[in-house]
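Spelled out, the chains give:
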Amino acid sequence: MAEATEKVHVLIIGSGPAGYTAAIYAARANMKPVLYQGIQPGGQLTITTEVENYPGYPEGIQGPEMMIHFEKQASRMGADIRYGLATKVDFTAQPYKVWIDEEKLIEADAIIIATGASAKWLGLESEQRLNGFGVSACAVCDGFFFRGKEVAIVGAGDTACEEAMYLSKLCTTVHMIVRRDQMRASKVMQDRVKNTPNIKIYWNSVTDEVLGDGKVSGVRIHNTATNEKVEVPISGFFVAIGHQPNSDIFKGWLDMDETGYIQTVPGTAKTNIEGVFACGDVQDKIYRQAVTAAGSGCMAALDAERYLSAKGLV
Ligand code: NDP
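Novice: Quick one: what's the story with the site of the ligand, residue by residue and with numbers?
Specialist: The immediate surroundings of the ligand are formed by 16 residues, with Asp158, Thr159, Arg179, Arg180 and Arg184 found nearest. Contact between the ligand and Glu162: a nitrogen atom at 3.1 Å from a side-chain N or O atom of the residue. Side-chain polar atom of Arg179 to an oxygen atom of the ligand: 2.9 Å apart, as the coordinates give it. Its free accessible area being 920 Å², the ligand has 74% of it covered by the protein chains. It is helix 5 (residues 158-168) that provides the largest number of residues to the shell around the ligand, a total of three residues. Tallied by class, the residues present in the shell around the ligand amount to five nonpolar, five polar and six charged.

As structure tokens, then:
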């Protein structure tokens, strides 16, 4: 099949706070950015509930609504926002090539990568088999289906605590499986979880198996300190053990750390390839906040503008 090729100045890949902020700045600087949203338009904030720490919203705001605001603002500034997933790149020479949905070829003078990060899974066969049939990595998306039922959640970070709290308001009991004898979450979140009567914490515990035939019916929990195993009847099994960067298609082109986070030159959005910039969670494993992602999206657009004007391309 013949490839449809399109030439653009600035291609932005990803539609979380980083991608949309880069689009707002790039559009205002007349760089005519084209943004591809990926498979989850709006990114991770579309699967969260209330955001209370993004400045400018004194009453807080729902994550999905905030991302609609970001998109509208980028659109109003003139960014060309499209649905589509970048599936392959070739950064051998300028203009750089990016394939969308394995067929459309975009050639771009500058590229801003804002592909974010995705949920990690435990890697159990039963978890994979029952995914979508009671197994989920997003309490906010799927908790509703388990109203009045018992569920389990794995993890002990801020996300797991936040999701356990969310589930505790919908479900009769939340069984929280924590692999060590302490939690990684901030103290305030830990305290909230510990003080919620219908959250039962299993310390030093790992998931042996998610049980169920066709849909989740239980979980076998293994206490590694006592070597005891218990089977708990549940209808929903939630995994909240962190995220991994969405950087696979850039492997071999861009410098990354051992876990796949793209490396940028400190204080900039520059990668090891001239004209290719990275922002947001795909290059940030430390802060991972909407506001820091947005800030780094701004940096990427400003770096791209400087790069293109030095080349005489804008
Ligand atoms: P984290 O990486 O902070 O925590 C992951 C948790 O999952 C850890 O408790 C870890 O255990 C556990 N874990 C990892 N792998 C496994 C496994 N295979 N089996 C069982 N447990 C496992 O990820 P989060 O998504 O919770 O948070 C990411 C970042 O976002 C953090 O910086 C967090 O503070 C921030 N955040 C902030 C929020 C807020 O401020 N409102 C809300 C949500 C997130 P262990 O501790 O033993 O390594």
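Novice: Describe the domain arrangement of the chain, with residues and values.
Specialist: What the domain assignment reports for the chain is domain 1 (2-118 + 243-310) and domain 2 (121-239). Here domain 1 and domain 2 have C-alpha centroids that lie 32 Å from each other.

Novice: Tell me about the nonpolar core, residues and numbers included.
Specialist: Ranked by size, the top nonpolar core spans 35 residues in total, and within it Met66, Ile112 and Phe277 carry the most contacts. For this core, the secondary-structure elements that each account for two or more residues are strand 1 (5-13), helix 1 (17-28), helix 2 (63-76), strand 8 (104-113) and helix 7 (290-310). No other element matches helix 7, which puts eight residues into this core. When near neighbours in sequence (up to four residues on either side) are disregarded, Ile112 contacts Val10, Leu11, Ile12, Ile13, Ala22, Phe277, Cys279, Ala300, Ala301 and Ala304. Judged by nonpolar contacts, the second largest core, of 23 residues, contains Ile13, Tyr96, Ala108 and Ile113.

Novice: Explain the layout of surface pockets to me, and be specific about the residues and the numbers.
Specialist: Space inside the second largest pocket adds up to approximately 300 Å³. Looking at the lining of the second largest pocket, the element that brings in the most residues is helix 7, giving four residues. For the lining of the second largest pocket, a count of residues per class yields ten nonpolar, eight polar and two charged.

Novice: I'd like a rundown of the sheet that holds strand 17 (residues 236-239), residues and numbers included.
Specialist: Strand order in the open sheet formed by five strands is 10-17-11-12-13, with parallel pairing between adjacent strands. Looking at which strands have only one partner, the edges of the open sheet turn out to be strand 10 (135-136) and strand 13 (199-202). As paired strands, strand 11 (residues 150-154) and strand 17 are joined by four bridges and run parallel to one another. Counted as the bridge partner of Ala152 is Phe237 from strand 17.

Novice: Any chance you could break down the side chain of Ser247 for me, citing the residues and the numbers?
Specialist: If you trace the backbone, Ser247 turns up in the loop between strand 18 (243-245) and strand 19 (276-278). For Ser247, the side chain forms a polar contact with the main-chain oxygen of Gly260, separated by 2.6 Å. When sequence neighbours within four positions are dropped, the list of residues in contact with Ser247 reads Met256, Gly260, Ile262 and Val282.

Novice: Requested: an account of the sheet that holds strand 14 (residues 205-212), with residues and values cited.
Specialist: An order of 14-15-16 is seen for the three strands of this open sheet, with the pairing classed as antiparallel. Looking along the sheet, the strands with just one partner apiece sit at the ends: strand 14 and strand 16 (228-233). Along the sheet, successive strands turn relative to each other by an average axial angle of 20°, direction set aside. The pairing of strand 14 with strand 15 (residues 216-223) spans seven bridges and is antiparallel. Paired with Glu209 across the two strands is Arg220, which belongs to strand 15.

Novice: Before we move on, can you summarise the side chain of Asp303 with the specific residues and values?
Specialist: As for its position among the elements, Asp303 is in helix 7. For the buried Asp303, which has no salt bridge, the nearest side chain bearing the opposite charge is Arg306, at an N-O separation of 4.0 Å. Of note is the side chain of Asp303, whose polar atom sits 2.8 Å from the backbone nitrogen of Ala269. Contact partners of Asp303, with chain neighbours within four places excluded, come to Thr268, Ala269, Lys270 and Phe277.

Novice: So what's going on with the pattern of salt bridges? Which residues, and what values?
Specialist: Taken as a whole and assessed by the stated rule, the structure comprises 14 salt bridges. The residue Lys7 makes a salt bridge to Asp109 at a minimum N-O spacing of 3.0 Å. Remark: Asp109 occurs in strand 8 and Lys7 occurs in strand 1; sequence separation between them is 102 residues. When its relative accessible area of 48% is taken as the criterion, Lys7 is described as partly exposed. Ionic pairing is found between Arg220 and Asp208, a salt bridge with its closest N-O pair at 3.1 Å. Taken together, the residues Arg220 in strand 15 and Asp208 in strand 14 connect sequence positions twelve residues apart. Residues joined in a network through salt bridges with shared partners are Glu6, Asp80, Arg82 and Lys104.

What counts, and at which threshold
- Residues numbered from 1 in each chain as written.
- Predicted model: local features only at pLDDT ≥ 70, side-chain atom pairs only at ≥ 80, totals over all residues.
- Heavy atoms only, no water.
- Near = heavy atom within 4 Å.
- Polar contact = N/O pair within 3.5 Å; in protein donor to acceptor, adjacent residues only side chain to side chain.
- Areas by Shrake-Rupley, 256 points an atom, 1.4 Å probe, with all protein chains shown as cover.
- Helix = DSSP H or I, 4+ residues; strand = E, 2+ residues; numbered from the N terminus.
- Nonpolar A, V, L, I, M, F, W, Y, C, P; charged D, E, K, R; others polar.
- Domains from an automatic or database assignment.
- Core = buried A, V, L, I, M, F, W, Y, C linked by side-chain atoms within 4.5 Å.
- Buried < 20%, exposed > 50% of the residue type's maximum accessible area, 1.4 Å probe, protein only.
- Contact = heavy atoms within 4.5 Å.
- 1 Å grid on protein atoms, 1.4 Å probe; cavity = no way out; pocket = protein on both sides within 12 Å on 5 of 7 lines; lining within 4 Å.
- Points joined across faces, edges and corners; volume = space filled by probe spheres on them.
- Pairing = 2+ DSSP bridges.
- Axes fitted to C-alpha atoms, helices over the stretch in contact; angles between N-to-C directions.
- Lys, Arg positive; Asp, Glu negative; His and termini not counted.
- Salt bridge = Lys/Arg side-chain N within 4 Å of Asp/Glu carboxyl O.

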